[in-house]
Amino acid sequence: MSDPANITLVTMDGTTFTVPSAYLHRSKLVQDWLRSEGDKQAMEVKHVTPFVLQGVLNFCEIHAEDTSEPLADPADPTKPFEADPRDDAFRGMPDDQLLQFTMAADILQIPELVRLTAQEMASRIDGKSPDQIRAMFNPDDLAEEDVDSDNEMGEVGEEGAISK
Amino acid sequence: MEPKQSSPSTTSAEHGVIEEPPILPPEIVRQIFSNLKGRFRTLDLLACSLTCTTWFHEAFPLLGDDLQWIHCSVFDDDGETITRFAELITESHRLRLPHCDQITQLNISVAYLVNRPLSMQEDGKFCDTSAKAYRDIIRRAPNLRTLYIFTRWPRNSFLSTRDWDRCYDGTKNQILLFFESIMPLCNSITGLVFFCESGFDTFISHVIESVADRLEFLKTRHLTFNDATKRALCLCHSMRDVDIRNTKYRDVTPVLHCWQYLEKFCIYDSFSHLDIAEADRLAIELGTYCPNLVEVVFQQCNDDVQMSSQAMCYLLGRCPNLTHLGATSNQLDDRFLRALANGQPHLERLILPKCIGIIGHLVKEDAPAWGWWPELRQLVLVECESVLPEFVERLVRECSKLKTVALPSTLEQICGKLLVQLGFRLEHCDEDFEFCYVTDPWWFDMMWQRVETDNVAI
């Protein structure tokens, strides 16, 4: 039986983090796990690296004593996003790390962190080309069959004439 | 909170832990898109929709009708935005995605076709990049219906009007060539909108002429109808909807005989000091050649005379299907009102500000066979100081579909009590009204509006 005051999380490579359960009161995943499987020794969080989990837990620790009501939905329009200087670390991090933190926030179901990282991702998309966005966030590729390898319309010259 | 490398007895959380390598799930993608809120949100969404299949499926529905209106929402700074838009549309076309089909309107601004000079010694140079961007969009937008053309040079505060005009002397010819090059690509265009400044009259006639056989919609602001423009407009036999502002009545009258299918006609003359014959000519030509009219709006900026009751009666007799009539004329009297009551049963909007000759004596007569305008929903009699309260009261009682009423100040108190009884409240004007009318000079911002729609005439 694990200590109910603490929770141990295990990352993809077996690294463990033991933190006060109260830190993770905004994580729906953890809260559900505590209710259903709290007697187990540790909770495994697949696809989350130690570095990222450390960052997530830092976020949780910083906000552990926030008195605001936990967000039910990161898109809740009644609770507009307000930048918090304590979260500046997320604004300066590289794109690939930001993507991993977004994924981790989603896996752990922490709406406040999802909203923070999504907001940051949106600000980085501003003014970018599709190629730049792909390079930043590596979304799944467009299906090959969607892509027309050649421009069927031909090119229109400066004088408006159509040439193949 | 130091990490430890160990292998404790673990359980894999069943709730929400994904087993596959991480790809942003749709709900997170949606969350990201909901945070795109800058001035270029539409272009950013468009870019996102071109990155991958998942992002396309999430972003495309959010674009909605935005691509139709992108021309007026984002292109208000410089040519870089139009270049970005063109690149994105080109990419969408290469991927055979449906964005191009959504574009129905495009704003071509001369300000983006020239580079703004940085000093008085420089000339504004023609910008090939923007020109190419416009061409790229036009040839990839099969449903492009309306071209908005803004002929205004980019300005700098250090240049006087004469100076900035001179800066672009060398560029004008290239602008004209540009428009000549794009018009053959505009095969689906049926609408033209011109926001003009002087110096561009020569190419405007060419633009109109090139789409004349299919032009149905024309909107102009500050356009001089020179002889070439009039000749081009006379070729537009399919014209249905015309909205002309800041052009002289007398310049428009000569082309009306060619617009026999015209359904909507709106004109605002902010320049002329009209004589009554000139105003009447416009009304009579409309009545003679445009019998299909359903909307007619005459507006003028000053207090000069406008068309007479006789000319308006002729127009009403020739065009029996009007649903919307707007006029400001101190010449209109009860003869006009009687013709309107007896000949226009479909009228929905009657806007007659400053018609000081209207009294409404006919209220003492029998109502027309179909009653008092059974379809009327908007009545504006602002500054019609002679109108009888009995006339207004009878209309608001008997026109059961009436939703908005604006009265002369002299009747506000007299008729106000009845309007309140009938379910009207003083509210700000609706957008529909503001869209159709120039706000000056008889503008008002409050109208009686019926808030209890079930409360019909008593």
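As recorded in an unreviewed UniProt entry, chain B goes by F-box domain-containing protein and comes from Jimgerdemannia flammicorona.

An unreviewed UniProt entry annotates chain A as E3 ubiquitin ligase complex SCF subunit of Jimgerdemannia flammicorona. We quote the UniProt Pathway (unreviewed entry) comment for chain A here in full: "Protein modification; protein ubiquitination."

A. Structural detail: the pattern of salt bridges. Residues and elements named next belong to chain B. Applying the stated rule across the entire model yields 26 salt bridges over all chains. For Arg140, the salt bridge is made with Asp136, and the minimal N-O distance between the two is 3.7 Å. Pair noted here: Arg140 and Asp136 are both in helix 8 (residues 128-140), with a separation of 4 residues, about one helical turn. A salt bridge links Arg214 to Asp213; the nearest nitrogen and oxygen atoms lie 3.3 Å apart. Among the residues examined, Arg214 registers a relative accessible area of 21% and is labelled partly exposed. Look at Asp213 and you get exposed, because its relative accessible area is 57%.

B. Fine view of the UniProt feature "domain: F-box" (unreviewed entry) in chain B. In the UniProt entry, the feature "domain: F-box" (unreviewed entry) is given for residues 24-57 of chain B. Across residues 24-57 of chain B, helical content stands at 68% and strand content at 0%; the span's end C-alpha atoms are separated by 13 Å.

C. Local environment of the packing of aromatic side chains. Residue and element names in this part refer to chain B. All told, the structure shown has 12 aromatic pairs over all chains when counted by the stated rule. Residues Phe179 and Phe203 carry aromatic rings whose centres are separated by 4.4 Å and whose planes lie at 20° to one another, so their mutual orientation is stacked. Separated by 24 residues along the polypeptide, Phe179 in helix 10 (residues 172-182) and Phe203 in helix 11 (residues 201-210) bring together distant segments of the chain. Across this residue pair, the class does not change: Phe179 and Phe203 are buried.

D. Spatial organisation of helix 5 (residues 79-94) of chain B. Residues and elements named next belong to chain B. When the terminal C-alpha atoms of helix 5 are compared, their 23 Å separation across 16 residues agrees well with the 22 Å that a helix rising 1.5 Å per residue should span. With 12 of its 16 residues buried, helix 5 lies for the most part within the structure. After helix 5 finishes, the residue Arg96 shows a positive phi value of roughly 60°.

E. How the structure looks around the pairing of strand 10 (residues 264-269) of chain B. All names here are of chain B. In terms of burial, strand 10 is largely enclosed, as 5 of its 6 residues are buried. Bridge analysis of strand 9 (residues 241-245) against strand 10 gives 5 bridges, and the strand direction is parallel. Along strand 10, the bridge assignment pairs Arg245 with Tyr268. Here 6 bridges tie strand 10 to strand 11 (residues 295-300), and the two strands are oriented parallel to one another. Across the sheet, Tyr268 pairs through a bridge with Gln299, a residue of strand 11.

F. Fine view of the environment of Arg135 of chain B. Residue and element names in this part refer to chain B. Take Arg135: it is sitting in helix 8. For Arg135, a relative accessible area of 4% puts it in the buried group. It is 48 Å that separates the C-alpha atoms of Arg135 and Leu381, two residues lying 246 residues apart in sequence.

G. Highlighting the packing of helix 15 (residues 309-318) of chain B against helix 16 (residues 334-343) of chain B. All names here are of chain B. It is the contact of helix 15 with helix 16, at a shortest axis distance of 8 Å, that shows an interaxial angle of 10°. In terms of axis orientation, helix 15 runs roughly parallel to helix 16. Counted together, Ser309, Met312, Cys313 and Leu316 of helix 15 and Arg335, Phe336, Ala339 and Leu340 of helix 16 form the full contact between these two elements. For the contact of helix 15 with helix 16, a count of residues per class yields 6 nonpolar, 1 polar and 1 charged.

H. A look at the side chain of Gln306 of chain B. Residue and element names in this part refer to chain B. For Gln306, the position within the fold is in the loop between strand 11 and helix 15. Here Tyr249 takes part through its side chain, which lies 3.4 Å from a polar atom of the side chain of Gln306. Of the polar contacts made by the side chain of Gln306, one reaches the backbone oxygen of Thr328; its length is 3.4 Å.

Each value, and the rule that gives it
Residues numbered from 1 in each chain as written. Chains lettered and ligands numbered in written order. Predicted model: local features only at pLDDT ≥ 70, side-chain atom pairs only at ≥ 80, totals over all residues. Heavy atoms only, no water. UniProt positions renumbered as here; feature names shortened; annotations may be inferred. Salt bridge = Lys/Arg side-chain N within 4 Å of Asp/Glu carboxyl O. Helix = DSSP H or I, 4+ residues; strand = E, 2+ residues; numbered from the N terminus. Buried < 20%, exposed > 50% of the residue type's maximum accessible area, 1.4 Å probe, protein only. Phe/Tyr/Trp six-rings, centres within 6.5 Å; stacked < 30°, edge-to-face > 60°. Expected span 1.5 Å × (residues − 1). Pairing = 2+ DSSP bridges. Axes fitted to C-alpha atoms, helices over the stretch in contact; angles between N-to-C directions. Parallel < 35°, antiparallel > 145°, perpendicular 65-115°, else oblique. Contact = heavy atoms within 4.5 Å. Nonpolar A, V, L, I, M, F, W, Y, C, P; charged D, E, K, R; others polar. Polar contact = N/O pair within 3.5 Å; in protein donor to acceptor, adjacent residues only side chain to side chain.

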